[in-house]
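Here is how the chains run, residue by residue.
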Amino acid sequence: MLYIFCGPSCSGKSSAASAVRRKLNAQIYSGKDYLSLANEENMAWSEFKKILNMSLMPRCNVIYIITEKDKLNELRQWKNVKICRFEAELNILEDRFAKRTSGKLPQLISDMLKKQTTVWMNEPADLVIDTSKCSEAFVLEKLEKFVNF
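Parameters at a glance
Residues numbered from 1 in each chain as written. Predicted model: local features only at pLDDT ≥ 70, side-chain atom pairs only at ≥ 80, totals over all residues. Heavy atoms only, no water. Pairing = 2+ DSSP bridges. Helix = DSSP H or I, 4+ residues; strand = E, 2+ residues; numbered from the N terminus. Axes fitted to C-alpha atoms, helices over the stretch in contact; angles between N-to-C directions. Contact = heavy atoms within 4.5 Å. Expected span 1.5 Å × (residues − 1). Buried < 20%, exposed > 50% of the residue type's maximum accessible area, 1.4 Å probe, protein only. Arc of directions from axis to C-beta. Parallel < 35°, antiparallel > 145°, perpendicular 65-115°, else oblique. Left-handed = near helix turned anticlockwise from the far one by under 90°. Nonpolar A, V, L, I, M, F, W, Y, C, P; charged D, E, K, R; others polar.

## With respect to the sheet that holds strand β4 (residues 81–87)
Taken in spatial order, the five strands make up an open sheet running β2-β3-β1-β4-β5, and their pairing is parallel. Lying at the two open borders of the sheet, with one neighbouring strand each, are β2 (26–30) and β5 (127–130). Across the sheet, the mean angle from the axis of one strand to that of its neighbour is 20°, orientation sign disregarded. When β2 meets strand β3 (residues 61–66), the two strands line up parallel, connected through five bridges. Bridging across to β3, S30 finds its partner in I65. Sheet contacts for helix α2 (residues 41–53): β1 (2–6), β2 and β3; angle to β3, the most-contacted strand, approximately 140°.

And the structure:
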């Protein structure tokens, strides 16, 4: 199964993927990691799709974490794809990101988070988790039901 964990930066995608990785026995890929597979982006994406295709095999799970929607529509068309969209209130995203930048959030980052929040708002998904309104335990419980283990 291919699980896509999508949403704005600092919405909890990576933490959630780490939490379910072992139970799913899944490989995790993030963002544009695939660019390391070839010198040219289209070629790298083609190579990465071969890796993602492994998720079609029985008991082979892949979690792909994305913050940009550029490849999402293509991946929606695949068999065995489940999409979980993560979200959080903007002020919480900003607080979380500020912790990554020594407590100070540059305006450029704040603007990026606002844009990402708007871009992902109302994006269709099989499951939506607002991490600003629930505990980590609740997120894990939702994900366990979502991935059926």
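So that's the structure; there's more coming.
## With respect to helix α5 (residues 107–120)
Its 14 residues give α5 an end-to-end C-alpha distance of 20 Å, which sits within 8% of 20 Å, the value for a rise of 1.5 Å per residue. Those residues of α5 that fall on the buried side of the exposure criterion are I109, S110, L113, Q116, T117 and W120. In an axial view of α5, the angular spread of the buried residues amounts to 125°, which keeps them on one side of the axis. More than 90 degrees from the buried face of α5, the exposed residues found are Q107, L108, K115 and T118. On its buried side, α5 packs onto β1, β3, α3 (72–76), β4 and α4 (90–100). At the exit of α5 stands N122, carrying a positive phi of roughly 65°.

## Examining the packing of α4 against α5
With their axes 10 Å apart at the nearest point, α4 and α5 run at an angle of 140° to one another. In terms of orientation, α4 and α5 fall into the oblique class. Between α4 and α5 the crossing geometry is right-handed. Contact with α4, carried on its side by L90, L93, E94 and F97, involves I109, S110, M112, L113, K114 and T117 of α5 and no other residues of that element. Residue classes in the contact of α4 with α5 are distributed as six nonpolar, two polar and two charged.

## So, unusual backbone geometry
Phi is positive for R59, which is not a glycine, with a value near 60°. Here R59 is to be found in the loop between α2 and β3. Its relative accessible area of 77% is what places R59 among the exposed residues. Even without a glycine there, the phi angle at N122 is positive, about 65°. The topology assignment puts N122 in the loop between α5 and β5. Residue class for N122 comes out exposed when judged on its relative accessible area of 67%.

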